[in-house]
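Structure assessment
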Amino acid sequence: MNEQRYRPQLSQASASLTHEVTAIDERGRRSALHIPAERPLTVYVDKRELVTLMTLGGAPEALTLGYLRNQRLVRTLHDIVAVQVDWSVDAVAVTTRKGIAGIEERTAKKVVTTGCGQGSVFGGLMDEVDRIHLPADARLTQSVVYRIVETIRTQQSIYKQAGSVHGCALFSNSGELLYFVEDVGRHNAVDAIAGLMWLDGVTGEDKVFYTTGRLTSEMVIKGAQMGIPFLLSRSGTTQMGHMVAEKVGMSLLARCTGRHFLLLSGAERLVFEPEALEMYDTLRRPREGGDPSSAGTTATPANLDPRLRGGDEVLMSCP
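Remember, predicted model here, so these are calculated numbers, not experimental data.

Looking now at the packing of aromatic side chains. Under the counting rule described, the total for this entry stands at two aromatic pairs. Here the aromatic rings of Tyr146 and Phe261 are separated by 6.4 Å at their centres, their planes lie at 55°, and the arrangement is tilted. Of the two residues, Tyr146 sits in helix α3 (residues 142–153) while Phe261 sits in strand β16 (residues 260–265), which places them 115 residues apart along the sequence. Of the residues examined, Tyr146 reaches a relative accessible area of 2% and is grouped as buried. With a relative accessible area of 13%, Phe261 lands in the buried category. Every member of this aromatic cluster is reached through a ring pair, and the members are Tyr146, Phe261 and Phe272. The lysine or arginine in question, Arg39, covers the ring of Trp87, its NZ or CZ lying 5.4 Å from the ring centre.

Given below as structure tokens:
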């Protein structure tokens, strides 16, 4: 059976992403405030309790699939018969065709990661890093980096409405936004995108992954498992994240804001374009004889060169 066309039985159980509370400010004034939802989702595989994920609840089926995929517990989508989420009991039931061989041993050792929301991975994932080979001929241009950053800056998001969440996005190597997921932890958001890629038969060799959070070893390993050669963030990296990126040959770009970025590994894949940087600066420079107040104005999708923007739609901003 063609795995790219096969889809297991899926519930459609997305939950409300925000919750309204009453806030009192420093003057004693009351107002309604929307905060991100956070709820437990206990994963059962063939009636065996596996893990409880704290999640926003926007894409629980994709999150579950991506978690199983990134933990290397399930190798192919065809191994899964159904993923059924029931928010009345805060649980998801996964049914497989033949069970997961050696699941007790494979899930006995857990490592608590630096991911927000106390992420965890099952021990042994590092043992598989040596077998990952990312495409050496993949390339990313500087102008596409700027287009991605601009798309991220203007994306409508739960963060803009309620804050306190992380976002992850998958782009094509031409800068087209393919998926965007927010969750209370970046590890959940990356797993959800992995699940969506699996369901849609999307491969990673010509893709770019963006996260609003730190580039930790967990994020790098998961990106590498998805076959993605480029990982971008507006934040920094950790020593182990950098070490794993160099080990697998991933191009790591940190501190991606405005025209600025720091290329930390995989330099051979990035195509520098001095003219793109010059164009970016020109758009922010006050026009000769113009209004001095226009100096330092941030470029918007309307006035940004098409190579540097993500289209005419208003897209997202993240922490």
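The next point concerns the packing of helix α5 (residues 186–200) against helix α6 (residues 217–225). Remark: α5 packs on α6, axes separated minimally by 10 Å, with the N-to-C direction vectors making an angle of 0°. On the basis of the axis angle, α5 is roughly parallel to α6. Here Arg186, His187, Val190 and Asp191 of α5 come into contact with α6, specifically with Glu218, Met219 and Lys222. Residues belonging to the contact of α5 with α6 are distributed by class as follows: two nonpolar, one polar and four charged.

This part covers the pattern of salt bridges. Enumeration over the complete set of coordinates arrives at six salt bridges. Across the pair Asp200 and Arg7 runs a salt bridge, and its minimum N-O distance is 3.3 Å. Residue Asp200 is located in helix α5, and its partner Arg7 is located in the segment before β1 (9–10); the two are separated by 193 residues in the primary sequence. For Glu150, the salt bridge is made with Arg153, and the minimal N-O distance between the two is 2.8 Å. Separated by three residues within a single helix, Glu150 and Arg153 lie in helix α3, roughly one turn from each other. Classification of Glu150 by relative accessible area gives buried; the value is 4%. A residue is classified by how much of its surface remains accessible, and Arg153, at 36% relative accessible area, is partly exposed. One continuous salt-bridge network, built from bridges that share partners, spans Asp191, Glu218 and Lys222.

In this structure, Leu50, Ile193, Phe209 and Met250 are the most contacted members of the largest nonpolar core, which totals 54 residues. Counting residues per element, this core draws most heavily on α5, which supplies eight residues. Discounting chain neighbours no more than four positions away, the residues touching Ile193 are Cys168, Ala169, Leu170, Tyr179, Val181, Phe209 and Met226. Core analysis: the second largest hydrophobic core is formed by 20 residues, Val145, Ala169, Phe261 and Ala276 among them.

Criteria and thresholds
- Going along each chain's sequence as written, the residues are numbered from 1 onward.
- Whole-chain, interface and lining totals are the exception, using all residues; otherwise, since this is a predicted model, local features are given only for residues with pLDDT of at least 70 and side-chain atom pairs are given and counted only at 80 or more.
- With hydrogens and water excluded, all non-hydrogen atoms of the structure serve as input to the side-chain values.
- Note on ring pairs: Phe, Tyr and Trp rings are taken, using the six-membered ring of Trp, and paired if centres are within 6.5 Å. Classes follow the plane angle, with under 30 degrees stacked, over 60 edge-to-face and the rest tilted.
- Going along the chain from the N terminus, every DSSP run of H or I of four or more residues is numbered as a helix, and every run of E of two or more is numbered as a strand.
- Relative accessibility under 20% of the residue-type maximum defines a buried residue, over 50% an exposed one, and the middle range a partly exposed one, all with a 1.4 Å probe and only protein chains included.
- Either the NZ atom of lysine or the CZ atom of arginine qualifies as a charge over a ring when it sits within 6 Å of the ring centre and within 35 degrees of the ring normal.
- A fitted line through C-alpha atoms represents every axis, and for helices the fit uses only the stretch in contact; the resulting angles, taken between N-to-C directions, go from 0 to 180 degrees.
- Roughly parallel covers angles under 35 degrees, roughly antiparallel covers those over 145, roughly perpendicular covers 65 to 115, and oblique covers all other angles.
- Residue contacts follow a heavy-atom distance rule, with two residues in contact if any of their heavy atoms lie within 4.5 Å.
- Each residue is assigned to one of three groups, with Ala, Val, Leu, Ile, Met, Phe, Trp, Tyr, Cys and Pro labelled nonpolar, Asp, Glu, Lys and Arg labelled charged, and all others, Gly among them, labelled polar.
- Between Lys or Arg on one side and Asp or Glu on the other, a salt bridge is scored when a side-chain nitrogen of the former is within 4 Å of a carboxyl oxygen of the latter.
- Nonpolar core, defined: a set of buried Ala, Val, Leu, Ile, Met, Phe, Trp, Tyr and Cys residues in which side-chain atoms within 4.5 Å join the residues together.

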